[in-house]
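Coordinate inspection notes
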Amino acid sequence: MGFLITFEGPDGSGKSTQIKRLYERLQTQGYDAYLTREPGGTAISEEIRGLLHDLNHREMAPRAEILLYSAARAQLVQQVIRPHLAAGGIVLCDRYYDSTLAYQGYGHGLDLDTLRRITEFATEGLRPDLTLLLDLDAAAGLARRQTGGVEWNRLDDYALAFHQRVRAGYLALAAAEPQRWVTFDALQDKAELAAGIQQLVLARLAQLPAAALTQPQSA
Ligand code: TYD
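Conventions used here
Residue indices begin from 1 for each chain and proceed along its sequence in written order. Residues qualify for local features only when their pLDDT is at least 70, as the model is predicted, and side-chain atom pairs are given and counted only at 80 or more; totals for whole chains, interfaces and linings, by contrast, use all residues. By convention in this description, side-chain values take in all heavy atoms of the structure and omit both hydrogens and water. Working definition: rings of Phe, Tyr and Trp (its six-membered ring) pair if their centres are within 6.5 Å, and the pair is stacked with planes under 30 degrees apart, edge-to-face with planes over 60 apart, and tilted otherwise. A run of H or I in DSSP counts as a helix once it spans at least four residues, and a run of E counts as a strand once it spans at least two, with each numbered from the N terminus. The buried label applies to any residue whose accessible area, calculated with a 1.4 Å probe on protein chains only, is under 20% of its type's maximum; exposed applies above 50%, and partly exposed to all values in between. A fitted line through C-alpha atoms represents every axis, and for helices the fit uses only the stretch in contact; the resulting angles, taken between N-to-C directions, go from 0 to 180 degrees. Oblique is the label for any angle not covered by the other classes, which are roughly parallel (under 35 degrees), roughly antiparallel (over 145) and roughly perpendicular (65 to 115). What makes a crossing left-handed is the near helix being turned counterclockwise from the far one by less than a right angle; a clockwise turn instead makes it right-handed. Should any heavy atoms of two residues lie within 4.5 Å, those residues are counted as being in contact. Charged means Asp, Glu, Lys or Arg here, nonpolar means Ala, Val, Leu, Ile, Met, Phe, Trp, Tyr, Cys or Pro, and polar covers whatever is left, Gly included. Strands pair, by our definition, only if DSSP identifies at least two bridges between them. N or O atoms closer than or at 3.5 Å make up a polar contact, with two conditions inside protein: a donor-capable atom paired with an acceptor-capable one, and, for residues adjacent in sequence, both atoms drawn from side chains. Throughout, the term near means that a residue has one or more heavy atoms lying within 4 Å of the molecule or strand in question. Areas reported here follow the Shrake-Rupley algorithm with a probe of radius 1.4 Å; residue values treat only the protein chains shown as occluding.

Under the criterion given, the structure shown has four aromatic pairs. Among the aromatic residues, ring-to-ring pairing joins Tyr-103, Phe-162, Tyr-170 and Trp-181 into one connected group.

Structural data, given as structure tokens:
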């Protein structure tokens, strides 16, 4: 039941803008869509986000970081995502467990199988139906963030090399599960990117059996 779409990409890839545009389009089409983000999306998860992004917490150990992301995720899945999917809704999530695999796994070099087990526990095995990767070169992503007026956070302090590993990680994840992932060039014109994403998602939704989703109000 329902349909879970996640957006992934390096920092500065424009995910948040694009997911919002998709959300608005789905609503216009009459779909029951819900937009959320990671880490965050519930009161508890937003508090954990505050801890993770606090510039005073530079000493945070990578294992502590994983468990905090996973705790925020577990709460979001149980409190928000599963109930919406169970009601036949579409959930759009700005980042999900692939961010943990890309950042903590490929980025920090933590064991991917261990991360997958932690993730499986946190989400009770809830996988996205579709994952959109907004891909761009790590240097371009960091440059965009710095000039975009976005608040600099603790995570942005990591070296460029880290972001390059993250990007390579995303590409590897996408290549390993091509039926779930669709990769877009994040540097293309914003309106064209939005149109491409909307076209893809609307086509996928149209293929679903009628019972999978609350049908659009206009249908
Ligand atoms: P955020 O301010 O949401 O940035 P963005 O707009 O790039 O999504 O910060 C999220 C940061 O947290 C981002 O640098 C990626 C990182 N992150 C992880 O390292 N692991 C995770 O599991 C998640 C969900 C995010």
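Here we take up the environment of Gln-27. On the secondary structure map, Gln-27 appears in helix α1 (residues 15-28). Judged by relative accessible area, Gln-27 falls into the partly exposed class, the value being 40%. Gln-27 sits 156 residues away from Thr-183 along the chain, and the two C-alpha atoms are 23 Å apart.

Moving on to the packing of helix α2 (residues 43-53) against helix α3 (residues 62-86). Axis angle and axis distance: for two packed helices, these are the angle between their axes and the distance between the axes, and together they describe the pair. With their axes 8 Å apart at the nearest point, α2 and α3 run at an angle of 160° to one another. In terms of orientation, α2 and α3 fall into the roughly antiparallel class. Note on packing geometry: the crossing formed by α2 with α3 is left-handed. Touching Ile-44, Ser-45, Ile-48, Leu-51 and Leu-52 of α2 are Glu-65, Leu-68, Tyr-69, Ala-71, Ala-72, Gln-75 and Leu-76, all from α3. Across the contact of α2 with α3, the residue classes break down as nine nonpolar, two polar and one charged.

What follows concerns the pairing of strand β3 (residues 90-94). For β3, a buried count of five out of five residues is recorded, marking the element as mostly surrounded by other parts of the structure. Every second residue of β3 is oriented toward a common face, with Ile-90, Leu-92 and Asp-94 on one face and Val-91 and Cys-93 on the other, all of them buried. Where strand β1 (residues 3-8) lies against β3, five bridges are found, and the strand directions are parallel. Bridging across to β3, Phe-3 finds its partner in Ile-90. As paired elements, strand β2 (residues 33-37) and β3 share five bridges and run parallel to each other.

Below, the discussion takes up the side chain of Asp-94. With respect to the helices, strands and loops of the structure, Asp-94 is situated in strand β3. In this structure the side chain of Asp-94 is engaged in a polar contact, spanning 2.9 Å, whose partner is the side chain of Ser-16. For Asp-94, the residues in contact, after removing those within four places along its chain, are Phe-7, Lys-15, Ser-16, Ile-19, Thr-36, Arg-37 and Glu-38.

For the rest of this paragraph, the subject is the site of the ligand. The environment of the ligand is formed by 15 residues, the closest being Asp-11, Lys-15, Arg-95, Thr-100 and Gln-104. Here an oxygen atom of the ligand sits 3.4 Å away from a polar atom, N or O, in the side chain of His-53. Contact between the ligand and Tyr-69: an oxygen atom at 3.0 Å from a side-chain N or O atom of the residue. The fraction of the free accessible surface of the ligand (540 Å²) that becomes covered by protein chains is 91%. Looking at the shell around the ligand, the elements that each hand over two or more residues are α2, α3 and α4 (97-107). Ranked by the residues each element gives to the shell around the ligand, the list is headed by α4, at four residues.

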